[in-house]
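# Per-entry structural report
Listed below are the residues making up each chain.
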Amino acid sequence: MARLAILSGSGGLPLRLAQKRPEAIQISFSGVEHDLGEAPQEFAFEKMGALFAALKKQDVSEVVMAGAMSRPPLDPHAFDDVMTALAPRLIAAMQGGDDTLLRLVIEIFEEQGFAVRGAHEIDPSLTATAGLLAGPSLSQTAKMDADRGIDILNALAPLDVGQGVVVEHGLCLGIETLQGTDALLDFVSRTAKHLRKTGGVFVKAPKKGQDLRVDMPTIGPESVKAAYAAGASAIVLSAGNVIVLEKEETLRIADAAGLTLFAQEF
């Protein structure tokens, strides 16, 4: 089996992968929170040359990027030679959306000889298969709202905006942007009552054409709680393309709330 390094951000996904592949090298980055139990090897973003050298010295041939990680502030004065050479490409990519930047990150690691794997490749059970996962059956109104949400996300995909949208009776209540899912659902929860009807569907899916090896859409128990608090009656996921963290607990919370959790092929 190829030797794997887990490049860790925050949240439970890196820990889940570390439990799945206990022999993997665990990597964290300066200034980025992580929930790894064991002390990982830490590197600064400004010292990418040191990271590449350390991975090669440990015979790592595959890497997986897991967990939340915001765009870091970079100190050009601290760049090593490798980072100095990469900087023009990275700075240009940072002017675009997340997908643009992450595609470049994949390209850089591949140039260094590493195969980049998706979290779902390391643990296929992370994603949801098509069908009803929890809660009552998807209503006809919810189906139409889900279809509307899918259309909205597909239309926005070329703009590299976000991976989630909330639609209620055909009306878009909010779109996920750089601030993420929690901000979207909080925004929807604060929508004036006279603008709301009942229900609403939170649709979560990757951007059309997105490389799923990085930044695969993710939900978990807190996402379900936030969707319920936002007044949604259903969550619809892209089957096989969305990670469900703490799956058993996520489904239990949805069932207890009477919230439909459904996966379909988009």
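Each remark here, short or long, concerns the structure printed above.
Thresholds, definitions, all that
Residues numbered from 1 in each chain as written. Predicted model: local features only at pLDDT ≥ 70, side-chain atom pairs only at ≥ 80, totals over all residues. Heavy atoms only, no water. Helix = DSSP H or I, 4+ residues; strand = E, 2+ residues; numbered from the N terminus. Polar contact = N/O pair within 3.5 Å; in protein donor to acceptor, adjacent residues only side chain to side chain. Axes fitted to C-alpha atoms, helices over the stretch in contact; angles between N-to-C directions. Parallel < 35°, antiparallel > 145°, perpendicular 65-115°, else oblique. Contact = heavy atoms within 4.5 Å. Nonpolar A, V, L, I, M, F, W, Y, C, P; charged D, E, K, R; others polar. Buried < 20%, exposed > 50% of the residue type's maximum accessible area, 1.4 Å probe, protein only. Expected span 1.5 Å × (residues − 1). Arc of directions from axis to C-beta.

### Some words on the environment of threonine 218
Assignment of secondary structure puts threonine 218 in strand 10 (residues 218-219). On a C-alpha basis, the gap between threonine 218 and arginine 16 in space is 13 Å, while along the polypeptide they are 202 residues apart. Of note is the side chain of threonine 218, whose polar atom sits 3.1 Å from the backbone oxygen of methionine 216.

### What about the packing of helix 3 (residues 81-93) against helix 4 (residues 98-111)?
At a closest axis distance of 8 Å, the pairing of helix 3 and helix 4 adopts a crossing angle of 155 degrees. Considering their axes alone, helix 3 and helix 4 lie roughly antiparallel with respect to each other. Contacts between helix 3 and helix 4 involve Leu86, Arg89, Leu90 and Ala93 from the former and Thr100, Leu101, Leu104, Glu107, Ile108 and Glu111 from the latter. For the contact of helix 3 with helix 4, the class distribution of residues is six nonpolar, one polar and three charged.

### Comments concerning the side chain of glutamine 264
Looking at the element boundaries, glutamine 264 is found in strand 13 (residues 260-264). Classification of glutamine 264 as buried rests on a relative accessible area of 18%. Ignoring anything within four residues of it in the chain, the contact list for glutamine 264 reads Asp147, Ile150, Val236, Leu237, Ser238 and Ala239.

### Observations regarding the environment of aspartate 211
Along the chain, aspartate 211 falls in the loop between strand 9 (201-204) and strand 10. Apart from residues lying up to four places away in sequence, aspartate 211 is in contact with Asp99, Arg103 and Ile106. Here the side chain of aspartate 211 touches arginine 213 through a polar contact of 2.8 Å, side chain to side chain.

### Re helix 4
Relative to the 20 Å expected for 14 residues at 1.5 Å per residue, helix 4 spans 20 Å between its end C-alpha atoms, a close match to the ideal helical length. Restricting attention to buried positions, one finds in helix 4 the residues Asp99, Leu101, Leu104, Val105, Ile106, Ile108 and Phe109. Taken together, the buried residues of helix 4 touch strand 1 (4-8), helix 2 (48-57), strand 4 (62-66), helix 3 and strand 5 (115-117). Glycine 113 sits one or two positions beyond helix 4 and adopts a positive phi of about 95 degrees.

### Describing helix 1 (residues 13-20)
Among the residues making up helix 1, those that are buried are Leu13, Pro14, Leu17 and Ala18. Relative to the axis of helix 1, the buried residues are bounded by an arc of 140 degrees and lie together on one face. Taken together, the buried residues of helix 1 touch strand 1, strand 2 (25-29), strand 4, helix 5 (119-122) and strand 12 (243-244).

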